[in-house]
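One-letter residues, chain by chain:
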Amino acid sequence: MTTSIDPALLARLSGEFTTLGTRLGALGRDLELLREQVAADSAAGQGVTAKPGRTSFAEPASAATPGAPQPQTGAGAVSGGAGDPAPPWPGHAPMAGAPIPAPQPGYVPRFAPPPSAGWGGGAPWAPSARGPVPGVASPMSPPRPPVPPRAAGPRVPHTPWWQRDGVISRILALAGVAVTLIGVAMLLVLAAQAGFFGPVPRVVAGGVFSAALVGAGVRVFGRTGGRVGGIALAATGIAGAYLDVVAVTAIYHWLHPVLGLAVAFGVAAVGVGLAMRWRSQPLAVLVVLAVAALSPVLTTRLVLLGFLIVLQAACVPVHLPRNWPYLHAARTIPAVLATFVFLVGAVLGTATVGDRAWLLVAAAAVALVGLAGTIVVVRHRPADLTASLTMAAALVPMLIAPGMYEDRRAAVLVASVAAAVLLLVAAAPMLPKLGAHLRIPGHTTVVAAAAGSIALLEACVGVSETKTLPIALLMVAPAFLGVAGQQRSRVAAGIGAAFAVLGGFALLNVAGPEILASQARSEASLGSATVLGAMLALGVVAVALWCARRLPGMAAGGELQWIAASVAGLYAVTAATVSIGVATGNRNGFLIGHSAATILWMAGATAALLFGLRRLAGAPAVAKLALGSGLLVTAAALAKLFLFDLATLDGLVRVAAFLVVGILLLLVGTRYARAFADAGADSDPGDAAVG
């Protein structure tokens, strides 16, 4: 291998560079020509007139320079003629002795005008049928201003949570509030148990310390950056003062409970007022939660419920000017939980009469504060769902309160009063004048209706026995269904359907299939109460069908509704006839009742079929539904006749059942054939004339 430089290789490289330089030069001249054309178009759009006999492009500035190459138009505008060699790359001379490459052909523009359509005359180009090309400037449109480059903003560095503004200060403030209040509770309770100091020094020290904390919080809050510290100090002081009042009332008994609750209300009002002045929801929430968490440390007697209810009531005025959802939950949940715990203890244990009375008062107070506070708030802010949810929580103790009483009359009275109040609130929007005055939104009425229906269910269960429970439930169901059909209310329809289903289950418990199939069990269980319950069940079925037709969107499932109504109606008819037969005291009353049930089944099927045949031409959809229901009931009546009545009934009762059912079948069969024959004759009059 030799290390000398090959001259032929150098010559080839020199030729290739020369060719590359020639092509780059042609590319540069084309780009310069394109720039001049764009500038000329812009000048033409701004009113520059071209010289006659020349192109409409503006003369470039370099054209006045002597010796400078002038741009030309036409097919050979780039490098003279097609056979002229291109000048070499500026500043480059080919090496001596190197072969000179063949001259490159002249550049021909790809989109040159046709030969007969020169720039100075001739036929112009045909205009574009699609209009101007988007993004390309035309002579009639002004040039677009240049788009300024988008400045990239500085990248925000990720800051760890412990370095963010205010996080550590809030954590430390919350820890300080908790530790300080625990110290106040220890001063009031543990020091008393250990015998340190006396009652007066402990109470006075707690009050002075709380007042000092509130004063320091007010002072710190007014300084720069002192909001977090001021809120923490003020919340600690107000909560400490409230705990001091609880200790004075519940531990030392220096104040009567009524007076103690009044003083506590004043302390809570001061805290609420300060929170409103500072526009600080955390201050109000801290005070409420701190008091609710530490009050059970001071006392676990019923007076604790009074202090929590006072705290719940004192925060209600805040929600009128302020939308503080967290305060809704903070003021309601502690009172609800405490009352719930005491009520569960009374239900499971043996509470005294006095304790039950105070628990009933506490439950009623929690419910009234929750109900009144919610109504006041939603009148100003109808979309406040938190208020309705807290009202639902506040009503829970009142729904548990009837379970405390062994005396059913007291339980029914409590449940009835609660149901009356809540259902009145739910029905208020249906009354034009009262609804316009109260302005209760829909979500609040739904909560009131649900809670009121639960209380009404408790009253129905308490006022009735096992045999009369279907009567109570099935009397309530048509009332709700009637209101639902009149007002087109899905909520009322749902409550009515729930009572109807519960009433149906209660009726099945008294008059189930196994009871109706046995004569001995029927005579032992059925009676006048069952008769009334079954008749009410038939009425509920009829009202439910009417309500379903009135409600929007319920017409789609008409077939299923009629099928369900048919099944329920047949069972109710059977229970009613058998119960009537048994209630008469006749020895064959059970058999007569079943025979009457079969005949009534077939009579109902006949009525449905005749109705469907009459509407066959006018309303085919209704006729189809009626005919389908009638045939279904006919099949059920025949099945009962051959599977049950044939084996159970005897004598004239069985004969009567077969005769009546047979006659009805003949009647409906004849009418059925005649109706379809008439329909065929009407559809084909020519065949009818021939016949």
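Provided above is the structure to which this section pertains.
Just so we're clear, the structure is a prediction, and the values are computed from it rather than from any experiment.

Undergrad: How do you make sense of the overall build of the protein when you look at a structure like this?
TA: The number of helices and strands found in the protein is 24 helices and zero strands. Across the 691 residues in the protein, those meeting the buried criterion constitute 36%. Restricting the contact set of the protein to residue pairs at least 6 apart, pairs at least 24 apart contribute 70%.

Undergrad: Teacher, can you tell me more about helix α22 (residues 620-648) here?
TA: Residues lying three or four places apart along an α-helix face the same way, a consequence of the helix completing one turn every 3.6 residues. A rise of 1.5 Å per residue sets the reference length of α22, with its 29 residues, at 42 Å; its end C-alpha atoms lie 40 Å apart and thus fit the reference within 8%. Its axis deflected by about 35° at leucine 641, α22 carries its strongest bend there. Looking at α22, one finds that the buried residues are Ala623, Ala626, Leu627, Ser629, Gly630, Val633, Thr634, Ala637, Lys640, Leu641, Phe644 and Asp645.

Undergrad: Explanation requested: the pattern of salt bridges in the structure shown.
TA: Opposite charge on two side chains permits them to pair, given that their charged atoms come into close proximity. Per the counting criterion, the structure on display carries five salt bridges. Notably, a salt bridge pairs arginine 409 with aspartate 407, separated by 3.6 Å at the nearest N-O pair. We classify aspartate 407 as partly exposed; its relative accessible area is 37%. The closest approach of N and O atoms between arginine 408 and glutamate 465, which form a salt bridge, is 3.3 Å. Remark: glutamate 465 occurs in the loop between α14 (442-463) and α15 (469-487) and arginine 408 occurs in helix α12 (residues 408-427); sequence separation between them is 57 residues. Residue arginine 408 is classed as partly exposed on the basis of its relative accessible area, which comes to 38%. For glutamate 465, a relative accessible area of 52% corresponds to the exposed category.

Undergrad: Is there a simple way to think about the packing of helix α11 (residues 385-400) against α14 in this case?
TA: Running from N to C, α11 and α14 point in directions that differ by 10°, and their axes come no closer than 9 Å. As the angle between them shows, α11 and α14 are arranged roughly parallel. Where α11 abuts α14, its residues Leu385, Ser388, Met391, Ala392, Leu395 and Leu399 lie against His443, Thr444, Val447, Ala448, Ala451, Ile454, Ala455 and Glu458. Tallied by class, the residues present in the contact of α11 with α14 amount to 10 nonpolar, three polar and one charged.

Undergrad: Sorry if this is basic, but what is going on with the packing of helix α10 (residues 353-380) against α12 here?
TA: The packing of two helices is summarised by the inter-axis angle and the distance between the axes. Close contact between α10 and α12 brings their axes to 13 Å; oriented N to C, the two are set at 0°. With respect to α12, the element α10 is oriented roughly parallel. Facing Leu360, Leu371 and Ile375 of α10, the residues of α12 in contact are Val414, Val421, Leu422 and Val425. Here the contact of α10 with α12 is composed, by residue class, of seven nonpolar, no polar and no charged.

Undergrad: Help me understand the side chain of serine 295 in this model?
TA: Relative to the assigned elements, serine 295 resides in helix α7 (residues 281-298). A distance of 2.6 Å separates a polar side-chain atom of serine 295 from the backbone oxygen of valine 291. Aside from chain neighbours lying at most four places away, what touches serine 295 is Leu243, Val246 and Leu304.

Undergrad: Just checking my understanding: could you explain a nonpolar patch on the surface for this structure?
TA: Where nonpolar side chains cluster on the molecular surface, the patch consists of Ile5, Leu9, Leu10, Leu13, Phe17, Leu20, Leu24, Leu27, Leu31, Leu34 and Val38 and spans about 1,000 Å² of accessible area. Tracing the backbone shows leucine 9 in helix α1 (residues 7-45).

Undergrad: Would you mind going over the environment of alanine 637 with me for this structure?
TA: When you line up the elements, alanine 637 lands in helix α22. When residues no more than four places from it in sequence are discounted, the contact partners of alanine 637 are Thr598, Trp601 and Met602.

Undergrad: For this particular structure, what's the right way to read the side chain of threonine 444?
TA: Structurally, threonine 444 can be placed in helix α14. Looking at threonine 444, the relative accessible area reads 0%, which means it is buried. Separated by 2.8 Å, the side chains of threonine 444 and serine 388 make a polar contact. Filtering out sequence-adjacent residues up to four positions away, threonine 444 remains in contact with Thr374, Val378, Ser388 and Met391.

Undergrad: Explain unusual backbone geometry here, please?
TA: For residues other than glycine, phi is negative in most cases, and the peptide bonds are mostly trans. Phi is positive for histidine 253, close to 55°, though the residue is something other than glycine. Relative to the helices and strands, histidine 253 is located in the loop between α5 (227-250) and α6 (257-278). Notably, arginine 279 is not glycine yet its phi reads approximately 55°, a positive angle. Considering the arrangement of structural elements, one finds arginine 279 in the loop between α6 and α7.

Undergrad: Please clarify how the environment of arginine 356 should be interpreted in this entry.
TA: As for its position among the elements, arginine 356 is in helix α10. With 48 residues separating them in the primary sequence, arginine 356 and methionine 404 have C-alpha atoms 7.1 Å apart. Leaving out residues up to four positions away in the same chain, arginine 356 has contacts with Ala351, Met404, Tyr405 and Glu406.

Quick notes on the rules
Residues numbered from 1 in each chain as written. Predicted model: local features only at pLDDT ≥ 70, side-chain atom pairs only at ≥ 80, totals over all residues. Heavy atoms only, no water. Helix = DSSP H or I, 4+ residues; strand = E, 2+ residues; numbered from the N terminus. Buried < 20%, exposed > 50% of the residue type's maximum accessible area, 1.4 Å probe, protein only. Contact = heavy atoms within 4.5 Å. Expected span 1.5 Å × (residues − 1). Bend = angle between axes of the 7 residues up to and from the residue. Salt bridge = Lys/Arg side-chain N within 4 Å of Asp/Glu carboxyl O. Axes fitted to C-alpha atoms, helices over the stretch in contact; angles between N-to-C directions. Parallel < 35°, antiparallel > 145°, perpendicular 65-115°, else oblique. Nonpolar A, V, L, I, M, F, W, Y, C, P; charged D, E, K, R; others polar. Polar contact = N/O pair within 3.5 Å; in protein donor to acceptor, adjacent residues only side chain to side chain. Patch = residues over 30% accessible without salt bridge, like charges linked within 9 Å, V, L, I, M, F, W, Y side chains within 5 Å. Areas by Shrake-Rupley, 256 points an atom, 1.4 Å probe, with all protein chains shown as cover.

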